Amino acid sequence: MMTRTKTRLGLLSLFALLLSNASASSLPDDEPTHPFLADLPWNIDQPAQDRFTLMLDQMTQQQLDDLQERLSPSAPTHSANDDDDDHNRPDEFASSHDRYKRDWSIPTSGLPSLPVSAWIATNASSWPILANAAVRRMQTWFLTDTNLYDISWWQNPVVLLSFLDLDRALGNSVNQQAVTAVLDNNSRGVQYMIDQYVDDSAWWGLVTARAYQQYGNSNYLTAARAIQAADAGNWTSDCGGGIVWLTYKPDYGKNTVTNTLQIALSAKLYLITGEESYLEDAQRTLNWWQSWAYNPSTGKIYDTLTAYECVQTYEQLFTYNSAIIIGGLVDLYEGTKNQTYLSMAQNIAYAAIRDFSTSQGVMRESCEGDGPPNNTGGVSAADGGPVNNLPAGCQSDTIMFKSILAQNLGYYFRATSDPKIYNYLATNFMFNALYNMDNTFLFGEFWSGPFNATLANKLTQGNALGLLSAGVAVNLQTINDALNASGQHNVAITQSFTVPMPGAGQNPSTRKRRSILFW
């Protein structure tokens, strides 16, 4: 019994939830439950610390020991036998039952051990240390021949946004080298970011705007302006307005992701520059988009508006359809102080939590329960069609959608300190740390666990980074709110962790990228 109690207390202190418990409790009793959250199968007002304590109470001693081993202070070491072509290929990991035993790991020079016990009780430092360890793990997929991560073109800025969010939350520039390695080392400049897929361009516009906010490099602001102008030029009168998805096929239809990214980018540039033209662009796009895509009575979002017929399709299909608009609305609120924007963001956020969560309150993408997809042609393997050997669940692009929702829920929390959002993100953070991480800081696809070594890869790692950065931000803000309420000083974590870039020996990319439109 003493061993179990000691282990449990150690794990509780690891996540430093004791300080944040007071301000992360439920809203006042006289405040009515939001209708979108009234029938949740879990209590979103239950403080995250209580959830974590219950989770530990339900684990066996063997599970507690395994967890403590996974989060032990002793850093993994790099084996001399791992300098081969498979070094950075987590899809070739051993099966999950021996993940604690394998020799394979990443170099850890400069990476702080986990946890740093001197800071745990006062600064909640284990959260950002875990997040920075996950960042370091992501660096194993950085390609020095392209100055990009070996993931899809549009997913690179999503990962960079997580890096930027960590630096903003922690008040340092730990990840600046990782961001600038991508943004500064492409000789073609902003032209490199303009794509036939308008939504992809907008992601690069959003990350350059955020990089300007974080690091002050005016070149980033110039790039964001150019991308916003290029995307705005793709507005057409078809279906009453809106920006097309594909520049090479403008009659293909219009969708939520392209137009909400334009809202978010325009709102961000208005917040940065104060120029009314950006506010007008954001409001014009918002007014058109919500006329067909947003159902205020349910909070649900449509994905696509078909060409010619202008018919709404695919309601509440993916997490990221609800995600991007939340951040855009928060920036519109910050720039105008119009409470309507924040109320709309709350409705969409709560509806997304309602519709994209497990019964335990852990975020789940709509495709995670899908079977393996058929190959092209639509003929199933059972009917003689080809087999493509793809795994079950989400594929490629969709694997990283949850990251975007977590990021934007974090932005909403930054503006509101909403304890429901804190409890939700903190619970997701803890589920991942307990059930969905191996001993190399690699995170899997399913945030509620169990960790699946076969499906864990560079995409699932990039996906987790959005949650980890948001978790760090909301935890530190919640602690600071509690300290401010008691008249104490704010928590500030400014120690510079080393997150080095890979060396020149990195394997060259074999990934094909979408073609670029130069202008």
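Residues numbered from 1 in each chain as written. Predicted model: local features only at pLDDT ≥ 70, side-chain atom pairs only at ≥ 80, totals over all residues. Heavy atoms only, no water.

K.L.:
A description of unusual backbone geometry should follow, citing residues and the corresponding values.
P.N.:
P450 follows G449 through a cis peptide bond whose omega is -5 degrees. Even without a glycine there, the phi angle at Y308 is positive, about 70 degrees. Here Y308 shows up in the loop between β5 (300-305) and β6 (312-315). Of note in this structure, Q316 is not a glycine but carries a positive phi near 50 degrees. Along the chain, the position of Q316 falls in the loop between β6 and α12 (319-336). (Helix = DSSP H or I, 4+ residues; strand = E, 2+ residues; numbered from the N terminus.)

K.L.:
So what's going on with the packing of helix α7 (residues 176-183) against helix α8 (residues 198-215)? Residues and values would help.
P.N.:
At a closest axis distance of 12 Å, the pairing of α7 and α8 adopts a crossing angle of 135 degrees. Judged by the inter-axis angle, α7 sits oblique to α8. In the packing of α7 onto α8, the handedness of the crossing is left-handed. Residue-level inspection shows Q176, V179, V182 and L183 of α7 in contact with α8, the latter providing W204, V207, T208, A211 and Y215. Within the contact of α7 with α8, the residues separate by chemical class into seven nonpolar, two polar and no charged. (Axes fitted to C-alpha atoms, helices over the stretch in contact; angles between N-to-C directions. Parallel < 35°, antiparallel > 145°, perpendicular 65-115°, else oblique. Left-handed = near helix turned anticlockwise from the far one by under 90°. Contact = heavy atoms within 4.5 Å. Nonpolar A, V, L, I, M, F, W, Y, C, P; charged D, E, K, R; others polar.)

K.L.:
Got a sec to walk through the confidence of the model for the protein? Specific residues and values, please.
P.N.:
Do not read the predicted coordinates in detail wherever pLDDT is low. Residues of the protein with pLDDT of at least 70 account for 70%, and the chain-wide mean is 77. For residues 375-381, every residue scores under 50 in pLDDT, and the model assigns this stretch twelve contacts once sequence neighbours within four places are set aside. (pLDDT = per-residue confidence, 0-100.)

K.L.:
Tell me what's going on with the packing of aromatic side chains, and back it up with residues and numbers.
P.N.:
Scanning all chains against the criterion turns up 17 aromatic pairs. Taken together, a centroid distance of 4.6 Å and an interplanar angle of 35 degrees make the contact between W153 and W204 tilted. Taken together, the residues W153 in the loop between β2 (148-149) and α6 (155-170) and W204 in helix α8 connect sequence positions 51 residues apart. For the pair W153 and W204, a shared accessibility class is recorded, and that class is buried. Judged by centre distance (6.3 Å) and plane angle (70 degrees), the rings of F318 and Y320 are edge-to-face. Pair check on accessibility: F318 and Y320 agree, each one buried. In textbook terms, an aromatic cluster arises when at least three aromatic residues are bridged by ring pairs, as seen for W154, W203, F318, Y320 and F401. A cation over an aromatic ring shows up here: R284 above the ring of W235, its NZ or CZ 3.8 Å from the ring centre. Here K337 stacks its cationic end above the ring of Y333, 5.2 Å away from the centre of that ring. (Phe/Tyr/Trp six-rings, centres within 6.5 Å; stacked < 30°, edge-to-face > 60°. Buried < 20%, exposed > 50% of the residue type's maximum accessible area, 1.4 Å probe, protein only. Lys NZ or Arg CZ within 6 Å of the ring centre and 35° of its normal.)

K.L.:
Could you give me a rundown of the state of the cysteines, with the residues and numbers involved?
P.N.:
By the definition in use, this model includes two disulfides. With a sulfur-sulfur separation of 2.0 Å, C239 is cross-linked through a disulfide to C310. Between C239 and C310 the sulfur-sulfur dihedral comes to about -85 degrees; the bridge is accordingly left-handed. Taken as a pair, C239 in the loop between α9 (218-232) and β3 (254-255) and C310 in the loop between β5 and β6 lie far apart in primary sequence, 71 residues in all. Since its relative accessible area comes to 24%, C239 is described here as partly exposed. What pairs with C367 in a disulfide is C394, and their sulfur atoms sit 2.0 Å apart. (Disulfide = S-S within 2.5 Å.)

K.L.:
With reference to specific residues and values, describe α6.
P.N.:
Across its 16 residues, α6 extends 23 Å between first and last C-alpha, which sits within 8% of the 22 Å expected from 1.5 Å per residue. Within α6, 14 of the 16 residues are buried, which leaves the element mostly enclosed by the surrounding structure. G171 occupies a position one or two residues after α6 and carries a positive phi of about 70 degrees. (Expected span 1.5 Å × (residues − 1).)

K.L.:
Go over the pattern of salt bridges, please, and point to the residues and values.
P.N.:
Scanning the model with the defined rule gives eight salt bridges in all. Where K268 meets D331, a salt bridge forms, and the shortest distance between an N and an O atom there is 2.9 Å. Residue K268 is located in helix α10 (residues 256-273), and its partner D331 is located in helix α12; the two are separated by 63 residues in the primary sequence. The exposure class of K268 is buried, given its relative accessible area of 9%. (Salt bridge = Lys/Arg side-chain N within 4 Å of Asp/Glu carboxyl O.)

K.L.:
Kindly report on the environment of I194, identifying the contributing residues and their values.
P.N.:
Secondary-structure assignment places I194 in the loop between α7 and α8. Judged by its relative accessible area of 7%, I194 falls in the buried class.

K.L.:
Outline the packing of α9 against α10, supporting the account with residue identities and numerical values.
P.N.:
Interhelical geometry of α9 versus α10 gives an angle of 140 degrees and a closest axis separation of 10 Å. By the criterion of interaxial angle, the relationship of α9 to α10 is oblique. Pair α9 / α10 crosses with left-handed handedness. Here α9 contributes L221, A224, R225, I227, Q228, D231 and A232 to the contact with α10, which in turn contributes Q262, L265, S266, L269, I272 and T273. Split by residue class, the contact of α9 with α10 holds seven nonpolar, four polar and two charged.

K.L.:
Explain the nonpolar core residue by residue, including any values.
P.N.:
By size, the foremost hydrophobic cluster in this structure holds 134 residues, and its most contacted members are W289 and L409. Every residue in contact with L409, bar those within four places of it in the chain, is listed here: I326, A349, I353, M363, I421, Y424 and L425. (Core = buried A, V, L, I, M, F, W, Y, C linked by side-chain atoms within 4.5 Å.)

K.L.:
Report on α10, specifying residues and quantitative values.
P.N.:
Compared with the 26 Å implied by 1.5 Å per residue over 18 residues, the 25 Å span of α10 between its first and last C-alpha is a close match. Of all 18 residues making up α10, 15 are buried, and the element is well covered by its neighbours. One or two positions beyond α10, positive phi appears at G274, with a value near 75 degrees.

K.L.:
Kindly report on the pairing of β6, identifying the contributing residues and their values.
P.N.:
Here three bridges tie β5 to β6, and the two strands are oriented antiparallel to one another. Bridge pairing in β6 links L305 to Q312. Hairpin remark: β5 followed by β6, antiparallel, with six residues in the connecting loop; positive phi at Y308, about 70 degrees. (Pairing = 2+ DSSP bridges.)

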